[in-house]
Structures are given as C-alpha cells and as structure tokens.
Amino acid sequence: MASIWFCGQHGDAFVHAWPAHHVHSVSREAMPSSCPDLVVLSAPLADEQPLVQVTASQLQQHWQHHGLSQIAIAQTAIQRLLKRKIQGVHRGTVVFLASSLAQHAQPSQLLSASLQAGLRQVAQSLAREFAPQGIHVVSVLAPVDAKPEDIATLIWHLHQQPPSVWTQEVNV
C-alpha cells in the first residue's frame, strides 16, 4: 500500500481514484511524519485579472502561498526519499500538476501563468538533479477541463514507470 501526499485542488478525486492507498492531504504547515511513495503537487488557478490591475503584493503573495509551499513540500519529500533504503533504483515519485497555462498563457492570467510556468521549470530542474538518485520527478500539464479521475490514473501510471523509461513531462 502506497503512502501518497497530495497538495492542491481536486483532492477528493484523487482519494477516490486510489482507494487502496493512504492519501494524505498536506500543506507546508502540515506534513505527515511518514516517507511518501508518491507526492502530487497541484498548483491552483488564480482569478483572471488584467496585468495593469495586478500588484506586486498580489504576485508575491500568490507565489509565497502556492509556489513556495509546493517547493517546500517537494524539498521535504525528496529529503525523506533520499534516506529511504530500497532495493533497486526507484525510491519514489514527485509530480507537479499544472494547467496548460504553463506553456500557453492566456490574457489576464499573469498570476496563474507565472506560477504554473515557474513550477514546470522547478520540476524539470529537480528531475535532472534527482533521477540519478532514484527519484522520479515529473511535470504534468493538463487542460483545466480535464477530469481529475483521468489525471489521477495518468499520474499512477507515471509513478509505476520503470526508471529506464521515466517521463519528465507529460502534456495532456
């Protein structure tokens, strides 16, 4: 039975998709003491707002609350995974789930697009850094209208990939 950490939107859909596993809702302030097998970090979308109305304070607060929180959770999870003594290579998986705004920004989506794109780059950097140490890090870019249950199934398949064919990014 896998220990799964989930942070973000649509948590209930992921719990229902993985009923045989322990799914923990996590935040920067509340992380379980266990070592996760799979971590899913889902960046939320902000309300649409034209660029000329976005303040530096809003941008900083959005990044502080969502971006830095996800990076802190990933950091804690990876530190624990590195300590795990497992036969073979695969110690665990960290998934950064973002919308397609990470690649295709839309008008009035500065807050969301910058967060999604930034976390996509974080995922790519972590994938290159930690794959040699047995940690699979992957960025999943999904359309906003994708069914959470389908994304949960995709994430589980990514988690099950053998290290020789690890995917670093999936664009649904």
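Our subject in this report is the structure included herewith. (Residues numbered from 1 in each chain as written. Predicted model: local features only at pLDDT ≥ 70, side-chain atom pairs only at ≥ 80, totals over all residues. Heavy atoms only, no water.)

1. As for the sheet that holds strand β5 (residues 135-142)
If you walk across this open sheet you meet the 6 strands as β2-β1-β3-β4-β5-β6, and the pairing is parallel. Of all the strands in the sheet, the pair left with one neighbour each is β2 (22-25) and β6 (169-171). On average, each strand axis in the sheet is tilted by 15 degrees relative to the strand beside it, whichever way the strands run. Where strand β3 (residues 38-42) meets strand β4 (residues 92-99), 5 bridges bridge the pair, whose relative direction is parallel. In the sheet register, Leu41 faces β4, and the bridge partner there is Phe96. (Pairing = 2+ DSSP bridges. Helix = DSSP H or I, 4+ residues; strand = E, 2+ residues; numbered from the N terminus. Axes fitted to C-alpha atoms, helices over the stretch in contact; angles between N-to-C directions.)

2. What about the environment of Leu115?
Along the chain, Leu115 turns up in helix α3 (residues 110-130). On the accessibility criterion, Leu115 (0% relative accessible area) is buried. Distance in space between the C-alpha atoms of Leu115 and Ala98 is 8.9 Å, their sequence separation being 17 residues. When near neighbours in sequence (up to four residues on either side) are disregarded, Leu115 contacts Ala43, Pro44, His62, Trp63, His66 and Gly67. (Buried < 20%, exposed > 50% of the residue type's maximum accessible area, 1.4 Å probe, protein only. Contact = heavy atoms within 4.5 Å.)

3. Observations concerning the side chain of Gln161
With respect to the helices, strands and loops of the structure, Gln161 is situated in the loop between α4 (148-159) and β6. On the accessibility criterion, Gln161 (16% relative accessible area) is buried. Within polar-contact distance, the side chain of Gln161 engages the side chain of Thr167 at 2.8 Å. Other than its neighbours up to four places away in sequence, Gln161 contacts His90, His136, Trp166 and Thr167. (Polar contact = N/O pair within 3.5 Å; in protein donor to acceptor, adjacent residues only side chain to side chain.)

4. Topic: the pairing of β3
Here β3 lies mainly inside the structure; 5 of its 5 residues are buried. Sheet analysis places strand β1 (residues 3-7) next to β3, joined by 4 bridges and oriented parallel. Its bridge partner being in β3, Trp5 is matched across the sheet by Val39.

5. What to know about the packing of helix α2 (residues 56-83) against α3
Look at α2 against α3: their axes get within 10 Å of each other, and the N-to-C directions meet at 20 degrees. When the axis of α2 is compared with that of α3, the two are roughly parallel. In this structure, α2 crosses over α3, and the sense of that crossing is right-handed. Mapping the contact onto sequence places Gln58, Leu59, His62, Trp63, His66, Gly67, Gln70, Ile71, Ala74, Ile78 and Leu82 in α2 and Leu111, Ser112, Ser114, Leu115, Gly118, Leu119, Val122, Leu126 and Phe130 in α3. Residue classes in the contact of α2 with α3 are distributed as 12 nonpolar, 8 polar and no charged. (Parallel < 35°, antiparallel > 145°, perpendicular 65-115°, else oblique. Left-handed = near helix turned anticlockwise from the far one by under 90°. Nonpolar A, V, L, I, M, F, W, Y, C, P; charged D, E, K, R; others polar.)

6. Considering the nonpolar core
Within the largest apolar cluster, 21 residues are counted, with the highest numbers of intra-cluster contacts made by Leu41, Val94, Phe96 and Val137. Of all the secondary-structure elements, those providing two or more residues to this core are β1, β3, α2, β4, α3 and β5. At 6 residues, α3 tops the list of elements feeding residues into this core. Filtering out sequence-adjacent residues up to four positions away, Leu41 remains in contact with Cys7, Gln70, Ile73, Ala74, Val94, Val95, Phe96 and Leu97. Within the second largest apolar cluster, 16 residues are counted, among which are Ile4, Leu38, Leu97 and Val138. (Core = buried A, V, L, I, M, F, W, Y, C linked by side-chain atoms within 4.5 Å.)

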